[in-house]
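# Fold and geometry: a report
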Amino acid sequence: MSEVTELSDESFDGFVKENDLALVDFWAPWCGPCMMLAPTVKKLAQEYSGKIAFAKLNIDDNKEAAGKFNVMSIPTLIVFKGGQAAETIIGAVPEGRIKEKLDALL
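This section reports on the structure supplied with the text. Given the structure is predicted, the values throughout are model-derived calculations rather than measurements.

Turning to the environment of Val24, a few remarks are in order. Structurally, Val24 can be placed in strand β2 (residues 21-27). When the C-alpha atoms of Val24 and Leu7 are compared, they prove to be 8.7 Å apart, with 17 residues separating the residues in sequence. Aside from chain neighbours lying at most four places away, what touches Val24 is Leu7, Phe12, Phe15, Val16, Ala55, Leu57, Thr76, Leu77, Ile78 and Phe80.

Take a look at the structure:
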């Protein structure tokens, strides 16, 4: 799957549980850094296709999942392994830093 799946509070748990490795991008449409990071997330979804599932969750529309993982700043990327949060990356960080974290979990 090389697409970035749009999640909701209702679909969140199923997504992270059905994918052994999943990266979820917590974002909002008014967040400039989130918009800057979006193309990187899309590129990584293609690069890691078949290895890591990628999704995004709009925190304005889905407060439950964001609250469950104490997302206070956006963008926040949380990588889930086996349904559990394994790594959290906060801010519009360089692609290389995200890849380091992902490669360490593969």
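Under the criterion given, the structure shown has four aromatic pairs. On the basis of an interplanar angle of 50° and a centroid distance of 6.1 Å, the ring pair of Phe12 and Phe26 is categorised as tilted. A residue pair is termed long-range when its members are at least 10 positions apart, and Phe12 in helix α1 (residues 9-18) and Phe26 in strand β2 qualify at 14 residues. Here Phe12 matches Phe26 in class, with each residue buried. Relative to Phe80, the ring of Phe69 has its centre 5.1 Å away and its plane inclined at 80°; by these criteria the two rings are edge-to-face.

What follows covers the pattern of salt bridges. Tallied over the full model, the rule gives four salt bridges. A salt bridge links Lys43 to Glu95, with the nearest nitrogen and oxygen atoms 3.1 Å apart. Taken as a pair, Lys43 in helix α2 (residues 32-47) and Glu95 in helix α4 (residues 95-105) lie far apart in primary sequence, 52 residues in all. We classify Lys43 as partly exposed; its relative accessible area is 43%.

Once that is clear, we can look at the nonpolar core. Leu7, Phe12, Phe15, Val24, Phe26, Leu57 and Ile74 are the most contacted members of the largest nonpolar core, which totals 21 residues. Going through the elements one at a time, α1, β2, β3 (53-58), α3 (63-68) and β4 (76-81) are the ones with two or more residues in this core. At four residues, β2 tops the list of elements feeding residues into this core. Non-local contacts of Phe15, meaning those with residues more than four positions away in its chain, are made with Thr5, Leu7, Ala22, Val24, Ala53, Phe54 and Ala55.

Turning to the sheet that holds β4, a few remarks are in order. Within the open sheet, the five strands sit side by side as β1-β3-β2-β4-β5. Their pairing is mixed. Unpaired on one side and paired on the other, β1 (4-7) and β5 (84-90) mark the two borders of the sheet. Sheet twist, expressed as the mean angle between neighbouring strand axes with direction ignored, is 25°. Of the pairings in the sheet, the one linking β1 to β3 comprises four bridges and is parallel in character. Within β3, the position partnered with Thr5 by the bridge is Ala55. The strands that α2 touches are β1, β2, β3 and β4; relative to β2, the one it contacts most, it runs at about 165°. α4 rests against β2, β3, β4 and β5 of the sheet, and its axis sits at about 165° to β5.

About the criteria used
Residues numbered from 1 in each chain as written. Predicted model: local features only at pLDDT ≥ 70, side-chain atom pairs only at ≥ 80, totals over all residues. Heavy atoms only, no water. Helix = DSSP H or I, 4+ residues; strand = E, 2+ residues; numbered from the N terminus. Contact = heavy atoms within 4.5 Å. Phe/Tyr/Trp six-rings, centres within 6.5 Å; stacked < 30°, edge-to-face > 60°. Buried < 20%, exposed > 50% of the residue type's maximum accessible area, 1.4 Å probe, protein only. Salt bridge = Lys/Arg side-chain N within 4 Å of Asp/Glu carboxyl O. Core = buried A, V, L, I, M, F, W, Y, C linked by side-chain atoms within 4.5 Å. Pairing = 2+ DSSP bridges. Axes fitted to C-alpha atoms, helices over the stretch in contact; angles between N-to-C directions.

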